[in-house]
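The primary structure of each chain is shown beneath.
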Amino acid sequence: MNQFTSVHDVQDIGKLLRDALALKENPYAHKSLGENKTLGLVFLNPSLRTRLSTQKAALNLGMSVMVMNMDKEGWALETQDGVVMNGTTVEHIREAAAVMGQYCDILGLRSFPKLADREEDYSEDFFNKFIAYSKVPVVSLESATRHPLQSLADLVTIKETWQGAGKPKVVLAWAPHIKALPQAVPNSFAEWMCKAQELDMLDFTIAQPEGYELSEDFSKGAAISYDLDAALSGADYIYVKNWSSYKDYGKVLPYPEGWMLTNEKLTVTNDARVMHCLPVRRDLELSAEVLDGPSSLVIHEAGNRLWAAQAVLKQMLEKL
Ligand code: CP
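Predicted model, so just to flag it, every value in this text is computed and none were measured.

A.B. asks: Describe the sheet that holds strand 11 (residues 273–275), and please don't skip the residues or the numbers.
C.D. replies: One open sheet holds the five strands; their spatial order is 9-8-7-10-11, and the pairing between them is parallel. Each edge of the open sheet is held by one strand with a lone partner, namely strand 9 (223–225) and strand 11. Within this sheet the neighbouring strands show an average axis-to-axis angle of 20°, counted without direction. Note that strand 7 (residues 169–174) and strand 8 (residues 203–207) share five bridges and pair parallel. Each bridged residue has a counterpart across the sheet, and for K169 the counterpart in strand 8 is D203. Sheet strands touched by helix 7 (residues 148–161): strand 7, strand 10 (237–241) and strand 11. Its angle to strand 10, the strand with the most contacts, is close to 155°. Contacts from helix 8 (residues 184–198) reach strand 7, strand 8 and strand 10, with the element oriented near 155° to strand 8.

Here's what the structure looks like:
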């Protein structure tokens, strides 16, 4: 694997899932693979899980890790070409990414969308420039439109825990929030689940209020529902997540009552397991009774972030 920015960078999803679960069984099986190799993790936004799991994954493979909190500790970056830099930006992405590529064998980048201009965010201009100028393999730690390490961990979690006959019914369920959140996690989850559905691994439904439809570039192939209770009927996995509107870009639109998942809502499911990428706002986005109850997979899922990251780094190191 030369880079990891979406499911489209993965040649064999089955092998990546097997690698992740094998690493979970034997974390230090490849402890010399990353010897004398350096991973640089560049954050333009906060992180708990992605930061720690990716560092630990690299350490398990014998790599050295450097973390750069670019938003707090780096120079203010210019991303546009042809501008006279007589304003607040101090360093151009052309030099900054190229220099980081001199120090690191693999780079990771987290860069959230601004949620002001859909075309700009969905062009992934900043991410693509970082990849082009760094000239080393890049792993996405969450971009404007995708969070593939999270989605891989989510699929690992479903594969690992599913014990039923046949294919599980997986439902991505929109949930309330007070802030406008990016579509990166649901886009990416939808993209990975649609791919898994193509591979006959599961059946996938997205439930959302009117106006919260994701881009078809990510959701094509999913069953779409505007009725949460109907979508939850017979569900085996519920992936709870808020996102802001894609159509009315970045807006928090009005929505009907009843979109927060509760124990009462779980009664129509097939004893569904409940997932969330975290962080989660309790009793706003997801009820505390569900989070603290036997259906919740959120900590298990967060634990699997480590094995997802380690499987990706392993496959990247094997290509260096
Ligand atoms: N789920 C996730 O990416 O968590 P962090 O934002 O804390 O890294």
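Read on, since the account is not over.
A.B. asks: Tell me what's going on with helix 2 (residues 49–60), and back it up with residues and numbers.
C.D. replies: An α-helical turn contains 3.6 residues, so a residue and the one three or four places further along point in the same direction. Helix length check: helix 2, at 12 residues, gives a terminal C-alpha distance of 16 Å against a target of 16 Å (1.5 Å per residue), a fit within 8%. Those residues of helix 2 not exposed but buried are R49, T50, R51, S53, T54, A57, A58 and N60. Contacts made by the buried residues of helix 2 are with strand 1 (38–43), strand 2 (64–69), strand 5 (106–110), helix 7 and helix 13 (298–317). Once helix 2 finishes, G62 follows within two positions and takes phi at roughly 85°, a positive value.

A.B. asks: Please provide a residue-by-residue account of the packing of helix 1 (residues 13–25) against helix 7, values included.
C.D. replies: The contact between helix 1 and helix 7 brings their axes to 10 Å, and the two run at 75°. It follows that helix 1 is roughly perpendicular to helix 7 by the angle criterion. The segment helix 1 lies against helix 7, with I13, L16, L17, A20, L21 and K24 engaging L152, L155, V156, K159 and E160. Taken together, the residues that form the contact of helix 1 with helix 7 break down as eight nonpolar, no polar and three charged.

The rules we used
Residues numbered from 1 in each chain as written. Predicted model: local features only at pLDDT ≥ 70, side-chain atom pairs only at ≥ 80, totals over all residues. Heavy atoms only, no water. Pairing = 2+ DSSP bridges. Helix = DSSP H or I, 4+ residues; strand = E, 2+ residues; numbered from the N terminus. Axes fitted to C-alpha atoms, helices over the stretch in contact; angles between N-to-C directions. Contact = heavy atoms within 4.5 Å. Expected span 1.5 Å × (residues − 1). Buried < 20%, exposed > 50% of the residue type's maximum accessible area, 1.4 Å probe, protein only. Parallel < 35°, antiparallel > 145°, perpendicular 65-115°, else oblique. Nonpolar A, V, L, I, M, F, W, Y, C, P; charged D, E, K, R; others polar.

It is worth stressing that arrangement in space is one thing and function is another; only the former is reported here.
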